[in-house]
Amino acid sequence: MERKQLLLELDQTEQDFYAALASFGADQVNIVPFEGSWTAGQVAEHILLAESGIPETILGSTQETDRPVAQYVPVIESIFLDFTAKYDAPEFIIPSAGPHDRQQLLDAFKAERAAIHEVAAREDLTLTCTDFGFPQIATLTRWEWLQFVLCHSKRHTRQLRNIFGKVTG
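Predicted model, so just to flag it, every value in this text is computed and none were measured.

### Structural notes on the packing of aromatic side chains
Each aromatic ring pair is described using two quantities: the centre-to-centre distance and the angle formed by the ring planes.
Point 1. Summed over the entire model, instances satisfying the criterion amount to 9 aromatic pairs.
Point 2. An angle of 85° between the planes, with centres 6.2 Å apart, marks the rings of F80 and F134 as edge-to-face. Of this pair, F80 sits in helix α4 (residues 73–80) while F134 is found in the loop between β2 (128–129) and α6 (142–168), placing the two residues 54 residues apart along the sequence. Each member of the pair F80 and F134 is classed as buried.
Point 3. Relative to F132, the ring of F92 has its centre 6.0 Å away and its plane inclined at 85°; by these criteria the two rings are edge-to-face.

In structure tokens, the structure reads:
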């Protein structure tokens, strides 16, 4: 487990997602690219909803971990990095219909990622977070929660790029 590499990956996924969202014109973030799809604004809101509780979860109640600290990382990767699979988001992270303001989303994303980065830089990542279990997996370690952030944002960065191609193509 290498904290320095984790922080670099958090920075990279932040830059990638930010750039993908920033590539949309202010009027393009609310265009539905095809039936059944979210808009770019909805994807960004979904990321914010999903990530907004991460610092709180990581800083909440914890216990010593009695299993490999990264045990569930392959499961998280298999879910979120399988770009052929489609999933329904849990109710609590389904975005609103909008309209969405691109700059507000960009600013909120930067602020959220700064909070996550700070926690990742200073906390003991081997502890298990006990306040909230990851749906259909288990309670995760701090390390695993941060791996979720990486994989989830990679998935939705790809989605933003696909939406951009439809909206501008």
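### Considering the nonpolar core
Nonpolar side chains tend toward joint burial in soluble globular proteins.
Point 1. Ranked by internal contacts, the top residues of the largest apolar core, which has 28 residues, are L6, L10, W145 and F148.
Point 2. Those elements that provide at least two residues to this core are α1 (3–22), α3 (54–59), α4, α5 (102–122) and α6.
Point 3. By residue number, the principal contributor to this core is α6, which donates 7 residues.
Point 4. In contact with L6, not counting residues within four places along its chain, are A120, L125, W143, L146, Q147 and L150.
Point 5. Within the second largest apolar cluster, 16 residues are counted, among which are A44, L105, F109 and I163.

### Some remarks on α1
Point 1. Over its 20 residues, α1 runs 28 Å from end to end, which matches the ideal 28 Å to within 8%, given 1.5 Å per residue.
Point 2. Listing the buried residues of α1 in full gives L6, L7, L10, T13, E14, F17, A20 and L21. Buried residues along α1 cover an arc of 160° about the axis, so they all sit on one side.
Point 3. Those residues of α1 that are buried lie in contact with α2 (40–52), α5 and α6.
Point 4. The backbone nitrogen of K4 has a side-chain oxygen 3.4 Å away, supplied by the residue at the start of α1, namely E2.

### Some points on the packing of α1 against α6
Point 1. Look at α1 against α6: their axes get within 9 Å of each other, and the N-to-C directions meet at 25°. In terms of axis orientation, α1 runs roughly parallel to α6. Here α1 and α6 pass one another in a crossing that is left-handed. Contact residues: L6, E9, L10, T13, D16, F17, A20 and L21 in α1; W143, L146, Q147, V149, L150, S153, K154, H156, T157, L160 and R161 in α6.
Point 2. Its residues assigned to classes, the contact of α1 with α6 shows 10 nonpolar, 5 polar and 4 charged.

### As for the layout of surface pockets
Point 1. The volume enclosed by the largest pocket comes to roughly 1,100 Å³.
Point 2. Lining the largest pocket we find 36 residues, and of these H46, Y87, A89, R155 and H156 sit closest to its centre.
Point 3. Mapped onto the lining of the largest pocket, the elements with two or more residues apiece are α2, α3, α4 and α6.
Point 4. Partitioning the lining of the largest pocket into residue classes produces 21 nonpolar, 11 polar and 4 charged.

### Observations concerning the side chain of R113
Point 1. Positionally, R113 belongs in helix α5.
Point 2. Separated by 2.8 Å, the side chains of R113 and E51 make a polar contact.

### As for the confidence of the model for the chain
Point 1. In the predicted model, the chain carries a mean pLDDT of 95, and the fraction of residues at 70 or more is 99%.
Point 2. The element-level mean pLDDT for the chain is lowest in α3, coming to 95, with β2 highest at 98.

### Focus: the side chain of E112
Point 1. Tracing the chain through its elements places E112 in helix α5.
Point 2. Despite its burial, E112 remains without a salt bridge, the nearest opposite charge being carried by R113 at 7.6 Å.
Point 3. Non-local contacts of E112, meaning those with residues more than four positions away in its chain, are made with L48, E51, S52 and P55.

So, how was this worked out
Residues numbered from 1 in each chain as written. Predicted model: local features only at pLDDT ≥ 70, side-chain atom pairs only at ≥ 80, totals over all residues. Heavy atoms only, no water. Phe/Tyr/Trp six-rings, centres within 6.5 Å; stacked < 30°, edge-to-face > 60°. Helix = DSSP H or I, 4+ residues; strand = E, 2+ residues; numbered from the N terminus. Buried < 20%, exposed > 50% of the residue type's maximum accessible area, 1.4 Å probe, protein only. Core = buried A, V, L, I, M, F, W, Y, C linked by side-chain atoms within 4.5 Å. Contact = heavy atoms within 4.5 Å. Expected span 1.5 Å × (residues − 1). Arc of directions from axis to C-beta. Polar contact = N/O pair within 3.5 Å; in protein donor to acceptor, adjacent residues only side chain to side chain. Axes fitted to C-alpha atoms, helices over the stretch in contact; angles between N-to-C directions. Parallel < 35°, antiparallel > 145°, perpendicular 65-115°, else oblique. Left-handed = near helix turned anticlockwise from the far one by under 90°. Nonpolar A, V, L, I, M, F, W, Y, C, P; charged D, E, K, R; others polar. 1 Å grid on protein atoms, 1.4 Å probe; cavity = no way out; pocket = protein on both sides within 12 Å on 5 of 7 lines; lining within 4 Å. Points joined across faces, edges and corners; volume = space filled by probe spheres on them. pLDDT = per-residue confidence, 0-100. Lys, Arg positive; Asp, Glu negative; His and termini not counted. Salt bridge = Lys/Arg side-chain N within 4 Å of Asp/Glu carboxyl O.

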